[in-house]
Amino acid sequence: MPLLQYEAPTSLAQARQALAGRSDAKILAGGTDLLVQMRLGLRDPALVVDIKHVPELMEITLGEQGLRLGAAVPGAVVTDHPEIGQLYPGFVEALGLIGSSQIQGRCSAGGNLCNASPAADCVPALIANRATCNIMGPDGERTVAVEAFNTGPASNCLAADEILVSIDLPRPGPRSSDAYLRFIPRTEMDIAVAGAAVALSLDEAGVCIDARVAIGAVAPTALLVPAAADALIGGTLDEDSLNRASAAASEAAAPITDKRGTVEYRKKVVGVLVRRAAGVAKARIEATS
Amino acid sequence: MSNPKKIHVSTTVNGEPCEFLCEPGQVLSNALRNNLDMTGTKEGCSTGDCGACSVMLDGALVCSCLVLAAEAEGRTIETVEGVADGNALHPIQQKLLEHAALQCGICTPGIVVAAKSLLERHPDPSEEEVRYYLAGNLCRCTGYDKIIRAVLDAGTVMRGE
Ligand SMILES: Cc1cc2nc3c(=O)[nH]c(=O)nc-3n(C[C@H](O)[C@H](O)[C@H](O)COP(=O)(O)OP(=O)(O)OC[C@H]3O[C@@H](n4cnc5c(N)ncnc54)[C@H](O)[C@@H]3O)c2cc1C
Ligand code: FES
Ligand code: FES
C-alpha cells in the first residue's frame, strides 16, 4: 500500500495528536533507515510523521549538567559543533562513523537508537556515557537508560504513540574521556562486525576511578559490560587490567555467525576493541590534563 | 483503496521559488526529475549508497532519494543545475573535464555537488580528506583517481592559487 499521508507537526503536542491511535504511523527523523526500509518494501506505514519541525527534537543544550541532544539533530550538526566533541569525543566519533557525508546530513542519534540495529554505531558510545532517553507519550514523560531502551533487533521499548524527544549525556568529571572503535573490513561505508565504547575517569595518579564499557554488534542489542569496567577500576590501565577487561567483554558477547563474521571471531575482536578503546580514552585524558 | 491526497509543496530550487504537487510517498529525487524536469540529479541505488542523487538541502549535503518530496516545503534546495554560472563552468566541473574524470557521467552530478560542499567547507583538504568525504559517491567507470585529482586541482583554483 502506498504512503497515504505525511504530517509535519511543529510542536510536541501536535506530534502526539498526529500519532494518537495510529498504529499504522511511523516517525520520520533523517529517514536514512526508515525511507530505505520503505523503498525496499520492508515497511509500509500509512502515515509518516516528520518530527524535524518540533523544536525540542532539534535543539542542542550544553550546560552544567551536560548535553541534551534533540533526538532528530543530524550527525553533521553534532560533528561540526565546537564543544560536543571535546566533552564526548567517543560519542561524536561513533555518530560521525555513520554512513557517508550525505548520510551525515540527515542521520540522527535518536534514529540510530530507535531503529534498534544490533550494530548501530552510536548506541555503545551513548551507553558508555551513561546517557538517558527522554520519552514523551500520551500519559506524559518518562526516562529510560539507553542500555534498557532497545529490546532486540529492530525492537525498542517505545509504544506506538511515544516519541523519543531527546538524549541526555551527563557532563563528564575532570580527567575523563571516552572512545569508540568498530571493526569493519573496509575503511568507510560498512556495518560494524563488532564495536566497543569505553568511558574512563582517572585520578591525579592515573588510577582509574570510574569506567563504563559497552559493546555493539555482538548481541541482539548493544550491551553494558559491568565486569569489563570493574576490571579497569582501581588499576592504572596496566596490562593485567586490560587483559581482564578484554576477556570480560569477549565473555559477555553473544554474537551470531553471519557473512560479516563468526561467533568465535566476533568474541575475540570485541575484546581487542575494548582494550584499544580504553587505550585511546586514556591517551585523550593524558593529552588534555 | 483510497488514493493518497496530493501534497502542495512550495520550495526554493537554485534560488528560484517553485511549486509542485507530489504524492506523500514520493521522494525528492523523483520530484526534481519528474515534476520539475530537472534531470541533472540522478538516481542510482535508491537506498543511500551511491550518492548519484546528492543535493544540498538547507545547506546540508543529502541523498535526495532518501528525502520525501513533501519535506522540501519551505526549504532551500541546490542541485547540480545551479552549479555553473550560465555557460561558465564551476572550477569543479572544469577540472573534472580537464582530468577526464568521467566516462558514463551518471555519478558526475553527485560528485560535483558533494565536492562543492567539501571545498566550500574545507577549502584546502588533503587527498585523504577528499577520499573520505566522497566515500558515499560511487563511480563504476573511472576508478576514482582522476576524480580525486580533479577535486584537489579545483581546490587550488577556488583558493586562487
Ligand atoms: C548508506 C547508509 C550507510 C549507513 N551506515 C551506517 C553506519 O555505518 N552505522 C550505523 O549505525 N548506521 C548506519 N546507517 C543506518 C542509519 O543511517 C542510522 O541508523 C541513522 O542514525 C538513522 O537515523 P535517522 O535519523 O535517519 O532515522 P530514521 O530513518 O528517520 O528513523 C529510524 C527509525 O527510528 C524511528 N524514529 C526516529 N526518530 C524517532 C524518535 N524521535 N522517536 C521515536 N522513533 C523514532 C523511525 O520511526 C524509524 O523506525 C546507514 C544507512 C545508510 C542508508
Ligand atoms: S540514488 Fe540516492 S544514494 Fe543512490
Ligand atoms: S563516470 Fe560512470 S559511474 Fe562515474
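Bear in mind that the values here come from a model prediction, so they are computed numbers and not experimental data.

**Q** What am I meant to see in the packing of helix 11 (residues 239-252) of chain A against helix 12 (residues 263-288) of chain A here?
**A** In a pair of packed helices, the angle between the axes and the distance between the axes together describe the arrangement. Residue and element names in this part refer to chain A. Contact geometry of helix 11 with helix 12 gives a least axis separation of 8 Å together with a crossing angle of 140 degrees. One element, helix 11, and the other, helix 12, form an angle in the oblique class. For the pair helix 11 and helix 12, the crossing hand works out as right-handed. Within the contact between the two elements, helix 11 uses Glu239, Leu242, Asn243, Ala245, Ser246, Ala249, Ser250 and Glu251 and helix 12 uses Lys267, Lys268, Val270, Gly271, Val272, Val274, Arg275 and Ala278. Of the residues assigned to the contact of helix 11 with helix 12, the class counts are seven nonpolar, four polar and five charged.

**Q** Is there a simple way to think about the domain arrangement of chain B in this case?
**A** Interfaces are often described in size by the accessible area the parts lose on coming together. All names here are of chain B. By domain assignment, chain B separates into domain 1 (7-82) and domain 2 (91-158). A straight line from the C-alpha centre of domain 1 to that of domain 2 covers 21 Å. Listed per partner, the contact involves 13 residues of domain 1 and 13 residues of domain 2. In this assembly, domain 1 packs against domain 2 so that about 950 Å² is buried in total across both faces, 66% of it on carbon and sulfur atoms. Here domain 1 is connected to domain 2 by zero salt bridges. Here domain 1 and domain 2 share three residue pairs in polar contact (both at pLDDT 80 or more) between them. Among the elements that make up the side of domain 1 that touches domain 2, the one with the highest residue count is strand 3 (residues 54-57) (three residues). Residues that form the side of domain 1 that touches domain 2 fall into these classes: six nonpolar, four polar and three charged.

**Q** What is the right way to look at a nonpolar patch on the surface in this model?
**A** On the surface, Leu89(B), Leu97(B) and Leu102(B) cluster together into a nonpolar patch covering about 250 Å² of accessible area. Mapped onto the elements, Leu102(B) comes out in the loop between helix 2 (91-98) and helix 3 (108-121).

**Q** How do you make sense of the sheet that holds strand 6 (residues 132-137) of chain A when you look at a structure like this?
**A** Within a sheet, each strand pairs with its neighbour through backbone hydrogen bonds, oriented either parallel or antiparallel. Residues and elements named next belong to chain A. Strand order in this open sheet of five strands is 4-5-10-6-7, and the pairing throughout is antiparallel. Whereas interior strands pair on both sides, the edge strands pair on one side only; in this sheet they are strand 4 (60-63) and strand 7 (140-145). Strand-to-strand twist in this sheet, taken as the mean axis angle between neighbours without regard to direction, amounts to 20 degrees. Relative to strand 7, strand 6 is paired through six bridges, and the arrangement is antiparallel. Within strand 7, the position partnered with methionine 136 by the bridge is glutamate 141.

Parameters at a glance
Residues numbered from 1 in each chain as written. Chains lettered and ligands numbered in written order. Predicted model: local features only at pLDDT ≥ 70, side-chain atom pairs only at ≥ 80, totals over all residues. Heavy atoms only, no water. Axes fitted to C-alpha atoms, helices over the stretch in contact; angles between N-to-C directions. Helix = DSSP H or I, 4+ residues; strand = E, 2+ residues; numbered from the N terminus. Parallel < 35°, antiparallel > 145°, perpendicular 65-115°, else oblique. Left-handed = near helix turned anticlockwise from the far one by under 90°. Contact = heavy atoms within 4.5 Å. Nonpolar A, V, L, I, M, F, W, Y, C, P; charged D, E, K, R; others polar. Domains from an automatic or database assignment. Buried area = accessible area lost by both parts, 1.4 Å probe. Salt bridge = Lys/Arg side-chain N within 4 Å of Asp/Glu carboxyl O. Polar contact = N/O pair within 3.5 Å; in protein donor to acceptor, adjacent residues only side chain to side chain. Patch = residues over 30% accessible without salt bridge, like charges linked within 9 Å, V, L, I, M, F, W, Y side chains within 5 Å. Areas by Shrake-Rupley, 256 points an atom, 1.4 Å probe, with all protein chains shown as cover. Pairing = 2+ DSSP bridges.

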